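Summary of the model geometry
Here is what each chain is made of, one letter per residue.
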Amino acid sequence: MSGLADSLVSHRRFAEALTLTTGAREDLTFMSRWEPLRFRPTLGNLLFVIARCHLGLREQDAAVAAVEEAVGHYRWLAERDPVRYQPRLVVALRTLAGTLKALGLYEKAAWATDEAEAMESR
């Protein structure tokens, strides 16, 4: 589902993509409670697609909330399996920084960038 939604976003069909992601998000959220290591990475990726939809629809708060939720999932994963998921957390933090910067939230963007850089230097 996230691949199709991502394709719709690429064609600027944000509302359609957002509608498509609703059921998938609910399912992945539910399944993540039972098998978090299996489903949280997919949920994190879907949340990035959802954030792009909200940005395209000029729903800034919803976009930031989706990216922050994705970062939260990757943070949880990186705590449990740092070798596998810390690089994904770095990407998630950089995505958060880029989203915040695009919205003019430069101080918050700098914090996310600093955290990503600190992780990369470890």
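As the structure is a computational prediction, the values presented were derived from the model and not from experiment. (Residues numbered from 1 in each chain as written. Predicted model: local features only at pLDDT ≥ 70, side-chain atom pairs only at ≥ 80, totals over all residues. Heavy atoms only, no water.)

Under the criterion given, the structure shown has seven salt bridges. The shortest N-O distance in the salt bridge between D6 and R52 comes to 2.3 Å. Residue D6 is found in helix 1 (residues 2–10), and its partner R52 is found in helix 3 (residues 36–56); the two are separated by 46 residues along the sequence. The class for R52 is partly exposed, based on a relative accessible area of 35%. The shortest N-O distance in the salt bridge between E120 and R94 comes to 2.6 Å. One end of the pair, E120, is in helix 6 (residues 106–120); the other, R94, is in helix 5 (residues 82–102), with 26 residues separating them in the sequence. (Salt bridge = Lys/Arg side-chain N within 4 Å of Asp/Glu carboxyl O. Helix = DSSP H or I, 4+ residues; strand = E, 2+ residues; numbered from the N terminus. Buried < 20%, exposed > 50% of the residue type's maximum accessible area, 1.4 Å probe, protein only.)

Remember, this is a structural readout, not a statement about activity or role.
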